[in-house]
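The lines below spell out each chain.
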Amino acid sequence: MSVKYQRLGFRRAYGAFGTMLALFCAALAAAALLAILGYVVVQGIGAINWAFLTQLPHPVGVPGGGVGNGILGTIIVIGIATLMAVPVGLLTGIYLALFGRGAIPEALRFLSDVLSGVPSIAIGLFAYAVLVAPLKHFSAFSASFAFMMLMLPLLVRTSEQAIRSVPQTVREGALALGMSNFRATVFIVLPTARPAIITALLLAIARVTGETAPLLFTAFGSQFWEKNPNNPMAVLALQVFNYAISPYPNWQAQAWAGALLLVVAVLILSLGARLMLRNAMRGLDS
Amino acid sequence: MSTDTGFRRVARFVSPADRGFAAVVYGGSILFALLIVALFVELVIGAWPSIVAFGPSFIWKSSWDPITSKFGALPMIYGTVVTSFIGIALAAFVGIMAAVFLSDFAPRWLATPLSFLIELLAAVPSVVYGLWGLFVLSPFVRTTIGPALQHVLGWTPLFSGPIYGVGLLTAGIILALMIVPTVTAISRDVIAAIPRDLREASMALGATKWETATRVVLPAARVGIFGACILALGRALGETIAVTMVIGNRPQISASLFAPSYTLASVIANEFTEATTSIYISALIELGLILFVVSIVVNALARVMIWSVRGSR
Amino acid sequence: MTAVVTKAGAAVLSTEDLNAYYGAHKAVGDVSIGFDRKAVTALIGPSGCGKTTLLRCLNRIHEVGFDARVQGRVLLEGQDIYAGDIDPMAIRRRVGMVFQRPNPFPTLSILDNALVCAAKGLSRNEKMACAEKALRSAALWNEVKDKLRSSPLRLSGGQQQRLCIARAVAAEPEVLLMDEPTASLDPIATAVIEELIASLAEDFTIVAVTNNMQQAARVSDRTAFMLADETGVGKLIEIDDTAKLFTKPSDSRTEDYITGRFG
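Residues numbered from 1 in each chain as written. Chains lettered and ligands numbered in written order. Predicted model: local features only at pLDDT ≥ 70, side-chain atom pairs only at ≥ 80, totals over all residues. Heavy atoms only, no water.

(A) Structural view of the overall build of chain A. Of the regular secondary structure elements, chain A holds 11 helices and 0 strands. Each helix (α) and strand (β) of chain A, taken in turn from the N terminus, gives the series α-α-α-α-α-α-α-α-α-α-α. Whereas a compact globule of 286 residues would reach a radius of gyration of roughly 19 Å, chain A reaches 24 Å, over 25% beyond that. For chain A, the C-alpha atoms occupy an extent of roughly 75 × 75 × 40 Å along the three principal directions. The buried share of chain A, reckoned over its 286 residues, is 55%. Considering only contacts within chain A whose residues lie at least 6 apart along the sequence, 73% involve residues at least 24 apart. Summed over its atoms, the accessible surface of chain A is roughly 12000 Å², and 71% of this surface lies on carbon and sulfur atoms. One finds the centroid of the 17 positive side-chain charges in chain A at a distance of 11 Å from the centroid of its 7 negative side-chain charges. (Helix = DSSP H or I, 4+ residues; strand = E, 2+ residues; numbered from the N terminus. Rg over C-alpha atoms; globule rule 2.2 N^0.38 Å. Buried < 20%, exposed > 50% of the residue type's maximum accessible area, 1.4 Å probe, protein only. Contact = heavy atoms within 4.5 Å. Areas by Shrake-Rupley, 256 points an atom, 1.4 Å probe, with all protein chains shown as cover. Lys, Arg positive; Asp, Glu negative; His and termini not counted. Charge placed at Lys NZ, Arg CZ, Asp CG, Glu CD.)

(B) Representation of the overall build of chain B in the model. Assigned secondary structure in chain B consists of 11 helices and 3 strands. Its helices and strands taken in sequence order, chain B reads β-α-β-β-α-α-α-α-α-α-α-α-α-α from the N to the C terminus. Here chain B holds 313 residues, and the buried ones make up 54% of them. Pairs at least 24 apart in sequence give 74% of the contacts found in chain B among residues at least 6 apart. When the accessible area of chain B is evaluated, it comes to approximately 13300 Å², of which 69% is carbon and sulfur surface.

(C) Representation of a nonpolar patch on the surface. Residues and elements named next belong to chain B. A cluster of nonpolar side chains, Val37, Phe40, Val41, Ile45, Val293 and Val297, forms an exposed patch at the surface whose accessible area comes to about 490 Å². At the level of elements, α1 (16–54) and α11 (278–310) are the ones that each hand at least two residues to the nonpolar patch. Tallying contributions element by element places α1 first for the nonpolar patch, with 4 residues. With respect to the helices, strands and loops of the structure, valine 293 is situated in helix α11. (Patch = residues over 30% accessible without salt bridge, like charges linked within 9 Å, V, L, I, M, F, W, Y side chains within 5 Å. Salt bridge = Lys/Arg side-chain N within 4 Å of Asp/Glu carboxyl O.)

(D) Spatial organisation of the side chain of serine 115 of chain B. All names here are of chain B. Looking at where serine 115 falls in the secondary structure, it is placed in helix α3 (residues 108–120). Engagement of the side chain of serine 115 in a polar contact is seen with the side chain of arginine 188, the distance being 2.8 Å. Apart from residues lying up to four places away in sequence, serine 115 is in contact with Leu102 and Arg188. (Polar contact = N/O pair within 3.5 Å; in protein donor to acceptor, adjacent residues only side chain to side chain.)

(E) Region of the structure containing the confidence of the model for chain B. Residues and elements named next belong to chain B. On average, residues of chain B score 87 in pLDDT, and 93% of them are at 70 or above. Within chain B, strand β1 (residues 3–4) has the poorest average pLDDT of any element, 46, and helix α9 (residues 241–246) the best, 94. Confidence estimates for the predicted assembly give a pTM of 0.87 and an ipTM of 0.89. (pLDDT = per-residue confidence, 0-100.)

(F) View of the interface of chain C and chain A. On the chain A side, the residues contacting the 23 residues of chain C number 22 residues. Carbon and sulfur atoms supply 63% of the area buried between chain C and chain A, which totals about 1900 Å² over both sides. In terms of surface lost to chain A, no three residues of chain C exceed Phe66, Phe105 and Thr107 of chain C, which account for 27% of the buried area on that side. A salt bridge links glutamate 172 of chain A to arginine 56 of chain C, with the shortest nitrogen-to-oxygen separation between them at 2.8 Å. Among the elements of the structure, α2 (88–94), β7 (95–98) and α6 (157–169) of chain C are those that each provide at least two residues to the side of chain C that touches chain A. Residues of the side of chain C that touches chain A, tallied by class, amount to 14 nonpolar, 3 polar and 6 charged. (Buried area = accessible area lost by both parts, 1.4 Å probe. Nonpolar A, V, L, I, M, F, W, Y, C, P; charged D, E, K, R; others polar.)

(G) Spatial organisation of empty space enclosed by the protein. Residues and elements named next belong to chain C. Tallying each qualifying case throughout the model produces 5 cavities of 30 Å³ or more. Of the voids in this model, the second largest cavity is the one considered here, and its volume is about 50 Å³. Together, Val40, Ala42, Pro181, Ile197, Ala208, Val209, Thr210, Gln215, Ala216, Val219 and Ser220 line the second largest cavity. Considering each element in turn, the lining of the second largest cavity owes the most residues, 3 residues, to helix α8 (residues 213–219). A per-class count over the lining of the second largest cavity returns 8 nonpolar, 3 polar and no charged. (1 Å grid on protein atoms, 1.4 Å probe; cavity = no way out; pocket = protein on both sides within 12 Å on 5 of 7 lines; lining within 4 Å. Points joined across faces, edges and corners; volume = space filled by probe spheres on them.)

(H) Examining the pattern of salt bridges more closely. Scanning all chains against the criterion turns up 24 salt bridges over all chains. Salt-bridge contacts for arginine 73 of chain C lead to aspartate 80 of chain C; the nearest nitrogen and oxygen are separated by 3.8 Å. Three or more residues joined by partner-sharing salt bridges are found here, namely Glu106, Arg109, Glu160 and Arg164 of chain A.

(I) Inspection of the environment of valine 37 of chain B at higher detail. All names here are of chain B. When you line up the elements, valine 37 lands in helix α1. For valine 37, a relative accessible area of 43% translates into the label partly exposed. For valine 37 and leucine 168, which are 131 residues apart along the polypeptide, the C-alpha to C-alpha distance reads 34 Å.

(J) Local environment of the interface of chain A and chain B. Counting from both sides, the interface comprises 78 residues of chain A and, opposite them, 77 residues of chain B. In total, chain A and chain B occlude about 6800 Å² of area from one another, counting both sides; carbon and sulfur atoms represent 82% of this. Remark: the boundary between chain A and chain B carries 3 salt bridges. The interface formed by chain A and chain B contains 3 residue pairs in polar contact (both at pLDDT 80 or more). Elements that contribute at least two residues to the side of chain A that touches chain B include exactly α2 (8–45), α4 (68–99), α5 (103–117), α6 (120–132), α7 (140–165), α9 (181–209), α10 (236–244) and α11 (249–284) of chain A. Taken together, the residues that form the side of chain A that touches chain B break down as 60 nonpolar, 14 polar and 4 charged.

(K) Representation of the nonpolar core. Judged by nonpolar contacts, the single largest core of 239 residues is most densely connected at Phe58, Trp64, Tyr129, Ile268, Phe272, Leu284 and Leu287 of chain B. Counting 35 residues, the second-largest nonpolar core is a separate cluster that includes Leu115, Met178, Ala189 and Ala201 of chain C. (Core = buried A, V, L, I, M, F, W, Y, C linked by side-chain atoms within 4.5 Å.)

(L) Broad picture of the pairing of strand β9 (residues 205–209) of chain C. Residue and element names in this part refer to chain C. For β9, the tally of buried residues reaches 5 of 5 residues, placing the bulk of the element in the interior. Side-chain alternation along β9 places Thr205, Val207 and Val209 on one buried face and Ile206 and Ala208 on a second face that is also buried. Where strand β4 (residues 40–44) lies against β9, 4 bridges are found, and the strand directions are parallel. The residue bridging leucine 43 from the neighbouring strand is valine 209, located in β9. With respect to chirality, the unit in which strand β8 (residues 175–179) leads through helix α7 (residues 187–200) into the neighbouring parallel β9 is right-handed. (Pairing = 2+ DSSP bridges. Right-handed = clockwise from strand over helix to strand, strands pointing away.)

(M) A look at the packing of α2 of chain A against helix α4 (residues 126–153) of chain B. Running from N to C, α2 of chain A and α4 of chain B point in directions that differ by 85°, and their axes come no closer than 10 Å. The orientation of α2 of chain A relative to α4 of chain B falls into the category roughly perpendicular. Mapping the contact onto sequence places Ala35, Ile36, Tyr39 and Val40 of chain A in α2 of chain A and Val128, Tyr129, Trp132 and Val136 of chain B in α4 of chain B. The residue makeup of the contact of α2 of chain A with α4 of chain B, split by class, is 8 nonpolar, no polar and no charged. (Axes fitted to C-alpha atoms, helices over the stretch in contact; angles between N-to-C directions. Parallel < 35°, antiparallel > 145°, perpendicular 65-115°, else oblique.)

(N) Spotlight on the state of the cysteines. Residues and elements named next belong to chain C. Here the structure, examined in full by the defined rule, presents 0 disulfides over all chains. The thiol sulfur of cysteine 57 is not disulfide-bonded, and the nearest other cysteine sulfur, from cysteine 49, lies at 13 Å. Of all cysteine sulfurs in the structure, the one in cysteine 117 sits closest to cysteine 130, which takes part in no disulfide; the separation is 9.4 Å. (Disulfide = S-S within 2.5 Å.)

Here it is as structure tokens:
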């Protein structure tokens, strides 16, 4: 092959340019994240104080006020959603892990994939149609229902994987001792899979903590303290949204602060989940 | 005389405790399936009056007038398509480049933190993106990016017209940011799964590392990468809150990317609680149904592609 | 070809024309074998000869796997364990199993592992007595009596395996199946368990699969040799008193295996 054909110098330069471009793209994406987080911290940290975290919103024009009811509402809505999602998700995961192959398990997995791709606003419409329109009022419970739908695919898929990842010999060991499938699964296999399942739960909660779209017509929001899930309720993500699109600088500042709270919550949950997973993996290797 | 246990594809549930357990497990799974089926059914029921009233012309009519109860989805479809297209175009380029860098070029000490940061982008709530988009990106588009683009490309209809800051372009950029982690993470997996022998064979033939990456590895991974892009596109199509906050919320079709517009998801978010008549509500639900169907198709397509390259999930 | 069945009346566990499948592949074909009461019977043979599959049919664990199927009869004290009305769980309590790699339940303490199969409704003292008895019969009591509440994962491989033996023994089975029990252990731990097998044989009938011929010769009273035929189906070639099988085997294939000509 002639040296002239190889054009090594040019190709090397082209490659260097390409590599730089690729590096630039990766750095750009990472920098965008830092820029967004940075902005949220800078803009939001000023407005965070005890009053902000514990007070009710003030009426328009009255300075001060807080998102106390939104924080409470977030905890209540996510709490109820978790109570509903975990049994259904875990049981379906158990079914898929125990019954493995076959038309029905595959159909369930397909449905789970379908659900994971549905836009959250459409799920909000579902919750509206089932729990708001017939009862003729907004409620935190309908928001929990929507959140449950959002959490389910994650829970189903990861609990199936978690149960599958328990070594076969543990399950066989339990069965070989004469345990029923019930005892073997509930008392031996599930506890062994527990770290992975809890990780999945934390990630599912992180996912819905920032969700706003379904809340628009399920929880709807409120200006007051509310503990009854049957009533409309303030939720932090919804408050941030409403404040952000409002024309009042006071509220806009609070929107940044609320956004900071959301970001911190989601980060703690996501990182916490990752750490748990890493520790659990280490434990199994001992 | 002799027994044949027969093929057993399922775990065996015999004792009474097991029968109760089996019932509970079956029950939970059936409930799961029913919920998803109910989701589809309820959307259809809710949309039915609108489907009946407007028929297929819903999709190509462009008037969106609550007062006369004439609804057409075209502006929303246009806005959704344009913003998603901008989003995926930007995200695909940046994301695939980033994936190539992270998997084939970056040293471990760089790749791990960078990948982590990019994945973290996926965890940021939508409303935070919207907030940033509204107060940081929109002004930036209005004062810097917009005029620059108009200066260079203003002769095309795409970049003509007044620059409000909010509009199709801003929404497209925000979408790109939101879906770039998806493209990067999956593409990176797909690229990493391409066997080393392929790369080594290419290098042994005298190709540079970059040539190997772009002319050998990427083509080999193209089906999976395309699947990643389709999956990301699916996410972009359904994104609601961030888009609502930066798109201007006006039901119009305009050639300029600087113009405000509407998407299927953002119109529902914006108008649902204000909808007064039942046909209005039904039309909005029909938009939700369209979103639902499109997302299923797109996601199924994506998974088939990714699955075929990555093997079993 | 059926192998020689044991002396009349001495077999507590026996099979008749047993076939076992993984999907369409037959792993064990037409095996009829008997295991003498309170004797140690070793199953030897090259990899893939079906000895582990045969073992797993004896306590109905084979069928737990996907696409696994069993045909034929297995008689425990004269009763077919595969009969339609038999509860597999009850069989597994009467026929215990120790696995190749120790598998103590990782989320239970050592004490709870040993007590997994204890009778229900025992008082605290009765439970401790039961655990102590099981752990003593596995020669583990002295080593763990001070750390009964700690995690079994802290124990060495050999200790974990003895814990699994204690756990199986606590259920008071009639037969104890062992699937290459020392395969993952070092020589010292192996020796401890081989001694243990001898003492366990005073109370239980033992069937042990082993890849180690010397171990079979050391530990067992009777030995059975299995071999896969041309189609990959595992067949029983010969079963006899251990001393006789290793010095004067009846079948030339047995002799080839024992003298190391293959396998």
